[in-house]
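Below are the chains, spelled out letter by letter.
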Amino acid sequence: MACILSSSGGSSGGDSRVTVGNSSPGNSGSGESKTVDGNNNPRRPAGKLFTWGRGSHGQLGQDAYRHPRENSALPHPVPGMVSVVQVACGGGQQGCTGAVDASGVLWTWGNNYGGRLGLLDTNHRASPERVVRLPGPVAAVAFGTSHGACVTVSGACLTWGADRRGCLGRAVVDGAAEGGALVPGPVTRQESDGAVGAAAGWAAVDAEHEYTAGITYTGALWIWGANEHGKLGLGDMRDRATPARIRLRIGDKEDEERVALVRLGSIYAAAVTTSGRLYMWGWGGHGNLGVGRRVKSQRTPQHVFLGGLGDRFVVDVGCTRGQPAFKGGVGAVKSGGTEGPHTVIVTADGELFTCGTCHKGLGLNLGNKTGAFGKPWDELSPYHVGVDPVRNSHDKRPMAPYGAAGSSVAQTVAPSPPRLCVWPPPYDVVKPFVQCVSAHIHSAVVDAEGRAWAWGCGSNDGRAGVERFLNMAGEGKPPKVDGLKCYMMNPHRVGVARPKYWGGGPSLMGMRVIQLATGRNHMACIAIPRTSMAEEMTMPKN
């Protein structure tokens, strides 16, 4: 069966998935029309683009409505971006955003550190601007903290921006910040000793802090750039200025596995093969590699087992983005619950697993609200959400309304009014899940009905996109922004809020999310209208 490019899910922003066959997880239901690329490969349906969270450098792409301050606490549409097939968010304290429309045009905006927007300069942009120096229609885009990358529908991989530690993967001929390139240029790979570099055949790309990875149509994984903590997965800690091949094998077998998707976190990475096996490598001091122990430097890919009756087929994984550094540092982690990486995993049967720090509820393994500082609740092996018990008590209801509507049995009829969070544990009411992302202090998933759910911390900018951030005082009291301790132990609905808390329009009410992306402090999604408005129509009027 032929490999096709699919842009479902999205850890960075970009999705980096090569799908075997002609379907992919996350594309269920709705009957929407799809676009095709120049090779007649199916791509994700086109939808409207929404952004939320921090907006200090234009990364939201809109200024029609901001609250609080320059931020947007709930998803808000980006003007003009009504037919988008893929979206990516770049990290750093000030992020950026890129979107590919149904015609293959790439638009970028936000923070332009190192020239990562691909707009031939280093000036920030507050609204989408077209990237023009490209050889043809684009299939997908991804961003690091100071560089960008894309794959075209014809199979080229291009990079641009600051060439920190070789992350562009190519010779640079035009100047930019730190020896980089303002003009996008092609990345080639040497398939064998003495062979001429191959510039075509790229199917997917991902980028993060000073490194980049790409997958070919044959399922081969290549990676280049910075290699602290062994995050290139090549067996050492030496940077690479050109693409190097990662070979994934089952035990001591000689047969190499084909890679379906790659996810780059800031200091660790993951790949999923076409057989559904999950491999991880890099820094794992919080247990975020899921290998049963804290690992300071895992220099080669390790197969991660999810437990249960045999290994499970993985369809998506979120490695923590926007976190090249964190409080406490990357030295030996002596206690749990401190700031650090956390991984989210989705299986083909819609189950959800987490591993890594329990800080502020990031593992979905806690009940009562707590920062979990110093607590021994980090998950060193994959934690099965909704099956494994929570690690603390759960006798206090969350502040978000309708929390008591939760159940351990999935409901076939939408509750009235719709739940804004899931409670009590186990948090499995809204499964099956199809997509996931992980960022500095928040995570999010999309369920099979196209509803997005987030947990962790909303910080001071509303990056989680939930009403709870605007309801610090509690029910029956005036709205108040919770800019300090919006800790969410349980999944909260993204993009649905009552008018008294949010005056920026319907947000995602009546919309179905088909792709989710995250940076450190802001997020984005593509959404299409729902065929049924039954759940949203029950929303209270006040």
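Scroll up a little and you will see the structure.
Residues numbered from 1 in each chain as written. Predicted model: local features only at pLDDT ≥ 70, side-chain atom pairs only at ≥ 80, totals over all residues. Heavy atoms only, no water.

Enquirer: Help me understand the environment of Arg451 in this model?
Expert: Summarising the element assignment, Arg451 is placed in the loop between β26 (442-447) and β27 (452-457). Counting along the chain gives 59 residues from Arg451 to Gly510, while the straight-line C-alpha distance between them is 9.9 Å. Here the side chain of Arg451 touches Asp447 through a polar contact of 2.8 Å, side chain to side chain. (Helix = DSSP H or I, 4+ residues; strand = E, 2+ residues; numbered from the N terminus. Polar contact = N/O pair within 3.5 Å; in protein donor to acceptor, adjacent residues only side chain to side chain.)

Enquirer: I tried to follow unusual backbone geometry on my own but got confused; where do I start?
Expert: Peptide bonds are, in most cases, trans, and in most cases residues other than glycine have a negative phi. Along the chain, Pro425 connects to Pro426 via a cis peptide bond; the corresponding omega equals 10°. Residue Lys431 is joined to Pro432 through a cis peptide bond whose omega torsion reads 10°. Inspection of the secondary structure puts Pro432 in the loop between β24 (379-384) and β25 (433-438). Backbone geometry at Arg69 places phi at a positive 50°, although glycine is not the residue there. With respect to the element layout, Arg69 can be found in the loop between β3 (48-53) and β4 (72-77). Although it is not a glycine, Arg165 adopts a positive phi angle of roughly 55°.

Enquirer: For this particular structure, what's the right way to read the side chain of Asn368?
Expert: Mapped onto the secondary structure, Asn368 falls in the loop between β23 (352-356) and β24. Among the residues examined, Asn368 registers a relative accessible area of 8% and is labelled buried. For Asn368, the residues in contact, after removing those within four places along its chain, are Asn392, Ser393, His394, Asp395, Lys396, Trp423 and Met489. (Buried < 20%, exposed > 50% of the residue type's maximum accessible area, 1.4 Å probe, protein only. Contact = heavy atoms within 4.5 Å.)

Enquirer: I'm lost on the state of the cysteines in this one. Help?
Expert: Defined simply, a disulfide is a covalent bond joining two cysteines at their sulfur atoms. Evaluated as defined, the whole model comprises 0 disulfides. No disulfide involves Cys89; its nearest neighbouring cysteine sulfur is the one of Cys96, lying 7.9 Å away. Given the relative accessible area of 0%, Cys89 is considered buried. Under the relative-accessibility criterion, Cys96 is labelled buried at 0%. (Disulfide = S-S within 2.5 Å.)

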